[in-house]
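Take a look at the letters that make up each chain.
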Amino acid sequence: MQDAFNPQIILLREGTDTSQGRAQIISNINACEAIADTVRTTLGPLGMDKLIFSQQRTTISNDGATIMRLLDIVHPAAKTLVDISMAQDAEVGDGTTSVVLIAGEILKGVKGFIEDGLHPRIVIKGLRDSCSLAVAEIKKLAVTREGPEFRQLLEKCAGTALNSKLIARQKHLFAPMIVDAVCLLDPEMCDIKLVGIKKVTGGSVTDSALISGVAFKKTFSYAGAEQQPKHLTNPKILLLNVELELKSEKENAEVRITDPDQYQAIVDAEWAIIYDKLDKCVDCGATVVLSRLPVGDLATQYFADRGIFCAGRVGGDDLDRVSKATGARIQTSVHGITEAVMGSCEKFEENRVGDERFNFFTGCPKAKTGTLLLRGGGDQFLEETERSVHDALMIVKRSLAHRSIVAGGGAIEMELSRHLRDHARTILGKQQMIMNSYAKALEVVPRQLADNAGIDSTDILNLLRKAHATSDTVEGNKWMGVDVLQDGITNTLDSGVWEPAANKLNSLAAATEAACCILSIDETVRNPQSEQAGAASGGVGYGPGGGGGGGGGGRTGKMVSEAMGGGGMQGMMGKGKMRKGVKMFKGKGGA
């Protein structure tokens, strides 16, 4: 009776969709499993590629981070897997597919516990404890190489990163090249952005080369550029952020004159300004002038007559790399230029690479940068090659910093799985089951490697479990992994399949935290009107007639978001629903 006098309190706007409880957690887990299934077949050296078509752009790749970035995932919880994949790519460069698979497999393993009524916080505690044990075991198992073997370590890590890429057959060419490029950088900073990657269509991929210095594509130039020198020895290099071009007044200026001679005086003043800039560039003794802003036809011919090479509209990254390599400082004014702000190198030349012209600065005294010239038959091939080289550069950078490795091919995952299973036997209660499920989740890497290679994964896992069960007594068994070439298992440490320990440490920590984040969400609140383009914020309708001004239109659309409940991959990816909303919005418009 007392409840009849208590008014109902409404906290959310009418039409707001709320999903909560155990069913919401299960729905989030199902969404993450669907995302993991999308990239599952791309893992390993024999993984398949994905073709992603977005409007007018087509991308072919098996890089996990690239695929996750291009997928139009709208499920709010499943976006967590995109975040960890991008974080893995930014932090380590490789392992972007495996981190998604491990996170999805962890969630799949604990879904049964959630369905049986186990509290999510107990599951989260068990997962974090398991992750801590796994991380400690990786640090214990990591192998360090020093001295002459360290160079071999870097090349092996780069080769392993390239194994699953399009240029895997040319890894013996690219691995030493990538290591040399990283070694050119400042060891304290080791900024990968200072390694320029230039793509030139045509030729063979084996024509790719590393330039110890700076190379960039010839910028737009006027006719006078053909009279400029193409080869210079010990040039003085001037870098500018100044426009050397005659331009009309930018603003709508009005000048009133009473004598025609006054107009000529204005024109002469404009010419005097540009010639003053050019004279100062010549007087400082520079023989190469590069500017981030345009260099006009007058300046081009002026410099050509005096034996000076010039280029305008040079990219900011290229100009910064020239500055790092030659010691030149970018100037924002032509006044007060001295020898101290100009750079130098042993040789400057302009050569043709394929159908393009490139400017080369070699023999730089402060060479802390390099340029990789990539050749290939098509744009899609070159783009995938660039992504592969970037991943390998990041792997070498991490190996250079941490100097510790573990064996790949699923070997470290199987050893961690065995270690966790052994430890689980020493504890009691629910945590034992959770730790066993975490150990089983780690087996997804060797299992998927075998599946993608067309090998019976059940037989491979049985052989690996048998080998790792005796790893304490038999030397080398702890490094047994999948051999996709011989359809069996092998000691991947001896086979040269090496990965930085930082790769596995980061992927396990990221996957575990992502799984814990998903499990800790028991309610999702969403306003369906926010998904409809142009919907009025004050209305309660959804669909035609339900918008403007909170009128009396009824709700004709779905109140429960498809992205939150079982719409499958169609509901979580693609912009089909957004296009529907735009179509409905267009239909409501009047004349």
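Please read all numbers here as calculations on a predicted model, not as lab measurements. (Residues numbered from 1 in each chain as written. Predicted model: local features only at pLDDT ≥ 70, side-chain atom pairs only at ≥ 80, totals over all residues. Heavy atoms only, no water.)

Asks: With reference to specific residues and values, describe the overall build of the protein chain.
Replies: The number of helices and strands found in the protein chain is 18 helices and 21 strands. Expressed as a percentage of the 591 residues in the protein chain, the buried residues total 50%. For the protein chain, long-range pairs separated by at least 24 residues make up 74% of all intrachain contacts whose partners lie at least 6 apart in sequence. Here the protein chain displays about 28,200 Å² of accessible surface, and carbon together with sulfur accounts for 51% of that area. (Helix = DSSP H or I, 4+ residues; strand = E, 2+ residues; numbered from the N terminus. Buried < 20%, exposed > 50% of the residue type's maximum accessible area, 1.4 Å probe, protein only. Contact = heavy atoms within 4.5 Å. Areas by Shrake-Rupley, 256 points an atom, 1.4 Å probe, with all protein chains shown as cover.)

Asks: Account for the state of the cysteines, with residues named and values stated.
Replies: Counted by the stated rule, this structure contains 0 disulfides. The cysteine Cys131 is free of any disulfide, with Cys516 supplying the nearest cysteine sulfur at 8.1 Å. Note on Cys345: no disulfide assigned, nearest cysteine sulfur contributed by Cys364 at a separation of 5.1 Å. For Cys345, a relative accessible area of 3% gives the class buried. (Disulfide = S-S within 2.5 Å.)

Asks: Kindly report on the packing of helix H3 (residues 79-91) against helix H16 (residues 501-519), identifying the contributing residues and their values.
Replies: With their axes 10 Å apart at the nearest point, H3 and H16 run at an angle of 160° to one another. As summarised for this structure, H3 and H16 are arranged roughly antiparallel, according to the angle between their axes. Taken as a pair, H3 and H16 cross one another with a handedness that is right-handed. Residues Thr80, Ile84, Gln88 and Glu91 of H3 form the contact with H16, whose own contacting residues are Asn503, Asn506, Ser507, Ala510, Ala511, Ala514 and Ile518. Of the residues contributing to the contact of H3 with H16, the split by class is 5 nonpolar, 5 polar and 1 charged. (Axes fitted to C-alpha atoms, helices over the stretch in contact; angles between N-to-C directions. Parallel < 35°, antiparallel > 145°, perpendicular 65-115°, else oblique. Left-handed = near helix turned anticlockwise from the far one by under 90°. Nonpolar A, V, L, I, M, F, W, Y, C, P; charged D, E, K, R; others polar.)

Asks: Describe the pairing of strand E3 (residues 57-61), listing the residues and the values that go with them.
Replies: Sheet topology places strand E2 (residues 50-54) next to E3; 5 bridges connect them, and they run antiparallel. Bridging across to E3, Ile52 finds its partner in Thr59. Turn length for the E2-E3 hairpin, with the two strands adjacent in sequence and antiparallel, is 2 residues, and the turn residue Gln55 shows positive phi of about 55°. (Pairing = 2+ DSSP bridges.)

Asks: How would you sum up the sheet that holds strand E8 (residues 231-233)? Please name residues and give values.
Replies: The pairing of strands in a sheet happens through backbone hydrogen bonds and is either parallel or antiparallel. As summarised here, the arrangement of the 4 strands in space is E7-E15-E14-E8, forming an open sheet in which the pairing is antiparallel. Of all strands in the sheet, those with a lone pairing partner are strand E7 (213-217) and E8, marking the two edges. Going across the sheet, the axis of each strand differs from the next one's by a mean of 20°, ignoring polarity. As paired strands, E8 and strand E14 (residues 347-353) are joined by 3 bridges and run antiparallel to one another. Within E14, the residue paired with His231 across the bridge is Glu349. Contacting E7 and strand E15 (356-362), helix H10 (residues 316-326) runs over the sheet at an angle of about 155° to E7.

Asks: Before we move on, can you summarise the nonpolar core with the specific residues and values?
Replies: Ranked by internal contacts, the top residues of the largest apolar core, which has 100 residues, are Val123, Leu127, Phe174, Val389, Leu393 and Leu519. In contact with Phe174, other than residues within four places in its own chain, are Leu162, Ile167, Val205, Ser208, Leu374, Thr385 and Val389. Residues Ala286, Ala299, Tyr302 and Met342 belong to the second largest nonpolar core, which totals 20 residues. (Core = buried A, V, L, I, M, F, W, Y, C linked by side-chain atoms within 4.5 Å.)

Asks: I'd like to hear about the packing of aromatic side chains, residue by residue, with values.
Replies: Applying the stated criterion across every chain yields a total of 8 aromatic pairs. Between Phe358 and Phe360 the ring centres are 6.4 Å apart and the planes differ by 40°, which places this aromatic pair in the tilted class. The exposure class of Phe358 is buried, given its relative accessible area of 2%. Just above the ring of Phe150 sits the side chain of Arg403; from NZ or CZ to the centre is 4.0 Å. (Phe/Tyr/Trp six-rings, centres within 6.5 Å; stacked < 30°, edge-to-face > 60°. Lys NZ or Arg CZ within 6 Å of the ring centre and 35° of its normal.)

Asks: I'd love a proper account of helix H8 (residues 260-283), names of residues and values included.
Replies: Over its 24 residues, H8 runs 35 Å from end to end, which matches the ideal 34 Å to within 8%, given 1.5 Å per residue. Three or more residues of H8 are buried, namely Val267, Ile274, Leu278 and Cys281. Elements that come into contact with the buried residues of H8 comprise strand E9 (236-240) and helix H9 (297-305). Immediately beyond the C-terminal end of H8, within one or two residues, lies Gly285, with a positive phi of roughly 95°. (Expected span 1.5 Å × (residues − 1).)

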